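# Examining the three-dimensional arrangement
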Amino acid sequence: MTGDDFEFPTHIEGQPLAGKSVLIVVENLPLPFDRRVWQEARTLKAAGATVSVICPTGKGYEKRYEEIEGVHIHRHPLPIEAEGALGFLLEYGAALFWETVLAWTIYFKRGIDVIQGCNPPDLIFLVALPFKLLGVKYIFDHHDINPELYEAKFGRRGFFWKLMVLFEKLNFKSADVSMATNQSYRKIAIERGGMDPDKVFVVRSGPDLSRLKRVEPVDSWKRGKRFMVGYVGVMGDQEGIDLLIDCAEWLVREKGRTDIQFTLVGGGPSLEKLKALVREKQLEEWVHFTGRAPDQDLFEVLSTMDIGVNPDRVNAMNDKSTMNKIMEYMSLGKAMVQFDVTEGRFSAQDASLYARANDPVDMAEKIVQLLDDPAQRDAMGSFGRKRVQEELSWLHQVDPLIAAYRRALRRP
């Protein structure tokens, strides 16, 4: 199947949010590049709401204001790329300033009934608090567990970790309703955030099958190799790309598997460091980084690769987080290999093989097992595609999203 059978909801029966004005604040990525938030915004618009979004500018998204598909997008500059405590303080301070200015501008222009704050960081409740005094509801859209992210990134706790825990708690305390991306995050909202279970809704980051479409494979991505292993995602320290490079090295040097191409799609803070590691290990012939790629390249890689891989390290953050790349592999009917983490296993189930925690050799052996067994690959890929179609795609997240807004607005 190509995905052509699926349509994004452009009109939701009954227009449950008709007459309401929604503001979504997201600091992490610009729209419409942030796929989850863009799907939420379009769905809320289809439900009858007037939807405004505040987000940063980014490469290819420099316009300070534009309206796309009826969604009002207000972008602000984020000139400081955070490094270290001072960098984060300056970045978040600048973001909060612009978010506050733009929120009041939107309030006087279109009105606001609900503010949806998307972390990271866990500071957007500061933008929402003055509006709550005016009767505006606040929904916390919980994308990342920042205390665990901090610990995974820096390998320690301490003062700033405690600060992350405090901000998270205040974010939950400020929220009328919280939306969790999976059951692990829902449990955190209830147990650590102290939220009423009836006010926590699971809205998964389900793929939009009208967008994620299989295309004709493009053999040039394999760069002359028989097989291709694909990775799609962020190039950061906690994503375990260094373990994937170790995996490729073991296959080439120890097993003599020079017939496997690793193609890695995405950008991120560790990209140049990872490229240097590949050069150091003299693996340029087998490991290729595309950088951040347009959709056409992304779809070509996903359609051409034989299997997908998710090398996210096993740690408290990755164990509880749902990774978009897993959904994308499944959407295109691709089997995968990943380390064994709770939410990764819940999402993929029989569409994946599971390697021992942070063990690149075991991951390499499972990659070879799949590459050398096309029947197993096909069966696992079909299972994953069916699971997305029947349970995990964005169409299955529309009802819980609308239910969260109904609860915040106290509509039956």
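As a starting point, this report considers the structure included with it.

What counts and what doesn't
Residues numbered from 1 in each chain as written. Predicted model: local features only at pLDDT ≥ 70, side-chain atom pairs only at ≥ 80, totals over all residues. Heavy atoms only, no water. Buried < 20%, exposed > 50% of the residue type's maximum accessible area, 1.4 Å probe, protein only. Helix = DSSP H or I, 4+ residues; strand = E, 2+ residues; numbered from the N terminus. Pairing = 2+ DSSP bridges. Right-handed = clockwise from strand over helix to strand, strands pointing away. Phe/Tyr/Trp six-rings, centres within 6.5 Å; stacked < 30°, edge-to-face > 60°. Axes fitted to C-alpha atoms, helices over the stretch in contact; angles between N-to-C directions. Core = buried A, V, L, I, M, F, W, Y, C linked by side-chain atoms within 4.5 Å. Contact = heavy atoms within 4.5 Å.

Take the pairing of strand E5 (residues 114-118) next. With 5 of its 5 residues buried, E5 lies for the most part within the structure. Of the two faces of E5, both are covered, the one formed by Val-114, Gln-116 and Cys-118 as well as the one formed by Ile-115 and Gly-117. Here strand E1 (residues 21-26) pairs with E5 via 5 bridges, running parallel. Counted as the bridge partner of Val-25 is Gly-117 from E5. Bridge count for E5 against strand E6 (residues 137-142) is 5 bridges, and the pairing is parallel. When the sheet's bridge partners are listed, Ile-115 is paired in E6 with Tyr-138. Considered for its hand, the β-α-β crossover made up of E5, helix H3 (residues 125-132) and E6 is right-handed.

With that settled, consider the packing of aromatic side chains. Enumeration according to the criterion identifies 10 aromatic pairs in this entry. Where Trp-104 meets Tyr-107, the ring centres are 5.6 Å apart and the plane angle is 75°; that geometry is what we call edge-to-face. One end of the pair, Trp-104, and the other, Tyr-107, are both in helix H2 (residues 84-110), 3 residues apart, so they sit about a helical turn from each other. By relative accessible area, which is 28% here, Trp-104 ends up partly exposed.

To continue, consider the sheet that holds E5. Taken together, the 8 strands give an open sheet; going across it, the order is E3-E4-E2-E1-E5-E6-E7-E8, and neighbouring strands pair in mixed fashion. Pairing within the sheet leaves two strands with one partner each, and these edge strands are strand E3 (65-68) and strand E8 (200-202). Across the sheet, the mean angle separating the axes of adjacent strands is 20° when strand polarity is ignored. By the bridge criterion, 5 bridges tie strand E2 (residues 50-56) to strand E4 (residues 71-76) in an arrangement that is parallel. Each residue of the ladder has a partner; that of Pro-56, found in E4, is His-76.

In terms of nonpolar packing, the biggest core is built from 60 residues, with Phe-262, Leu-264, Phe-289 and Ile-367 touching the most fellow members. Sort the elements by how many residues they give to this core and helix H7 (residues 241-253) lands first, with 8 residues. With near-sequence residues (within four places) excluded, Phe-262 lies in contact with Val-229, Leu-244, Ala-248, Leu-251, Trp-286, Val-287, His-288 and Ile-367. One finds Trp-38, Val-203, Leu-401 and Ala-408 within the second-largest nonpolar core, a separate group that totals 34 residues.

Most of strand E10 (residues 260-265) sits inside the fold, with 6 of its 6 residues counted as buried. Between the parallel pair strand E9 (residues 227-232) and E10, the chain is carried across by H7, and the sense of this crossover is right-handed. Where E10 lies against strand E11 (residues 287-291), 4 bridges are found, and the strand directions are parallel. Looking across to E11, one finds that Leu-264 is bridged to Phe-289. Note on the crossover from E10 through helix H8 (residues 271-280) to E11: the handedness is right-handed.

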